[in-house]
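A look at the structure
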Amino acid sequence: MSPIERLRRILPGNVDGGRLRIAIALILVVGASALFWASRDYGVTAPEWDGQVRGIAYNPSHLFTRREAQADISPEQIDRDMAQLAKVTGHVRTYTVGKGLDRLPEIAARYGLTVSLGIQLGPDLEKNEREIETAIATARANRGTIDRVFVGNEVILNSFVTPDQLNGYIQRVRAALPARIKITTGEPWSTWLLYPEIGKYVDVVAVHLFPYWEGVDVNNGFDFMQRALADVQQEFPDKPIIIGEAGWPSEGRSKRNAEPSLGNEAFHIRGFVQLAMEKGWDYYLLEAYDQPWKIS
């Protein structure tokens, strides 16, 4: 029996050949779409993990819109987040001391958390000055809680400041704080290789490693990370290397061979924390809470 004859049996009334051909085309399209999405929904095998995560990058929870992300964060919200994060990690990394987040180290200390303090830098130099002054005061007031200060995050990648400007900021923060607090800045592995001069004054090199953004298949992600870290270590043989950000998205757009999905996210993160433990890597997962405002 032909496809048209079968459809004549299931479609009501008198249907001409042209309408039947349209119906067949629709069925084929729907069927192909279902097969495509079914092919992306698959199980993965990943090592179990019941230990604590070494570190987590933190932006506050419950930020769903850009307007909410720009508002001040209350101490009560920070307290709720720190209480929750203390169950899975002992170490959080922040990105700014603005919007009330200068209170975070004081609150985190209540839960035994160590804080890597972030200084947000951008093209607005006056705003940078205020951020640096607040960060230095915050670090001095919380010396027992803060272990590192990140002077800027991907500011060279985004051309917010020049390498010379960034080095000036790094030197200024380094001179203002005790040697126990280590100073760094966060950039992708490739930026450290393209602009090695930004490593001149840092105490540690903080590398962002995302195989997804490089278009690397999830199964090859760990090999990519190890090669990238080896390249950075070769460039900075006398500096400790840490992973400032690592992770995999649960949804979004594909990047060449890199597919975002819950399965791939679980596979990558579970495998990564296990590999990091075996290799002795210091790292921060990105990130503690979803930030839907970033794509709104």
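Structure: above.
These remarks concern the structure in this document. None of these values were measured; they are calculated from a predicted model.

1. Some details on the pattern of salt bridges
For the structure on display, the rule yields eight salt bridges. Taking the shortest distance from any N to any O, the salt bridge between Arg172 and Glu129 comes out at 2.6 Å. Here Arg172 is found in helix α7 (residues 163-176), whereas its partner Glu129 is found in helix α6 (residues 125-141), with 43 residues between them in sequence. Of the charged contacts in the structure, one is a salt bridge between Arg148 and Asp282, with a shortest N-O distance of 2.5 Å. Here Arg148 is found in strand β4 (residues 146-153), whereas its partner Asp282 is found in the loop between α10 (262-279) and β8 (283-285), with 134 residues between them in sequence. The same class applies to Arg148 as to Asp282, namely buried.

2. Describing unusual backbone geometry
Cis peptide bonds are those with omega within 30 degrees of zero, and the linkage from Leu286 to Glu287 qualifies with -10 degrees. Positive phi outside glycine occurs at Glu154, with the angle close to 55 degrees. Tracing the chain through its elements places Glu154 in the loop between β4 and α7. Of the residues examined, Glu154 reaches a relative accessible area of 17% and is grouped as buried. In this structure, Arg256 takes a positive phi of about 50 degrees despite not being glycine.

3. Some points on the packing of aromatic side chains
All told, the structure shown has eight aromatic pairs when counted by the stated rule. Both rings, one in Trp189 and one in Phe224, keep their centres 5.8 Å apart while their planes meet at 80 degrees; by these two values the pair is edge-to-face. Here Trp189 is found in helix α8 (residues 189-194), whereas its partner Phe224 is found in helix α9 (residues 221-235), with 35 residues between them in sequence. Across the pair, exposure class does not vary: Trp189 and Phe224 are buried alike. Each residue in the set Tyr212, Trp213 and Trp248 is aromatic and connected to the rest through ring pairs, giving one cluster. Directly above the aromatic system of Phe150 lies the positively charged group of Arg93, at a separation of 3.9 Å from the ring centroid.

4. Regarding α10
The end-to-end C-alpha distance of α10 is 25 Å, a good match for the 26 Å that 18 residues give at a rise of 1.5 Å each. Every buried residue of α10 is accounted for by Asn264, Phe267, His268, Gly271, Phe272, Val273, Leu275 and Ala276. The secondary structure elements touched by the buried residues of α10 are α9, β7 (241-246) and β8. Positive backbone phi, at 75 degrees, marks Gly280, one or two positions downstream of α10.

5. Digging into the pairing of strand β6 (residues 205-209)
Burial runs high along β6: five of the five residues are buried. Covered by surrounding structure in β6 are Val205, Val207 and Leu209 together with Ala206 and His208, the residues of both alternating faces. Where the polypeptide runs from strand β5 (residues 182-188) across α8 and back to β6, its parallel neighbour, the crossover connection is right-handed. Bridge analysis of β6 against β7 gives five bridges, and the strand direction is parallel. Following the sheet pairing, Val205 is matched in β7 by Ile241.

6. Concerning the nonpolar core
Taken as a class, soluble globular proteins show a tendency for nonpolar side chains to be buried jointly. Among the nonpolar cores identified, the biggest contains 67 residues, and Tyr58, Met82, Leu104, Val149, Val151, Leu166 and Phe272 are the most heavily contacted of them. Take this core: its biggest share by element is six residues, from α9. Among all residues touching Val151, those that are not within four sequence positions of it are Ile119, Leu121, Leu166, Tyr169, Ile170, Val173, Ile183, Thr184 and Thr185. One finds Phe150, Val204, Ala206 and Tyr284 within the second-largest nonpolar core, a separate group that totals five residues.

Reading the values: the criteria
Residues numbered from 1 in each chain as written. Predicted model: local features only at pLDDT ≥ 70, side-chain atom pairs only at ≥ 80, totals over all residues. Heavy atoms only, no water. Salt bridge = Lys/Arg side-chain N within 4 Å of Asp/Glu carboxyl O. Helix = DSSP H or I, 4+ residues; strand = E, 2+ residues; numbered from the N terminus. Buried < 20%, exposed > 50% of the residue type's maximum accessible area, 1.4 Å probe, protein only. Phe/Tyr/Trp six-rings, centres within 6.5 Å; stacked < 30°, edge-to-face > 60°. Lys NZ or Arg CZ within 6 Å of the ring centre and 35° of its normal. Expected span 1.5 Å × (residues − 1). Contact = heavy atoms within 4.5 Å. Right-handed = clockwise from strand over helix to strand, strands pointing away. Pairing = 2+ DSSP bridges. Core = buried A, V, L, I, M, F, W, Y, C linked by side-chain atoms within 4.5 Å.

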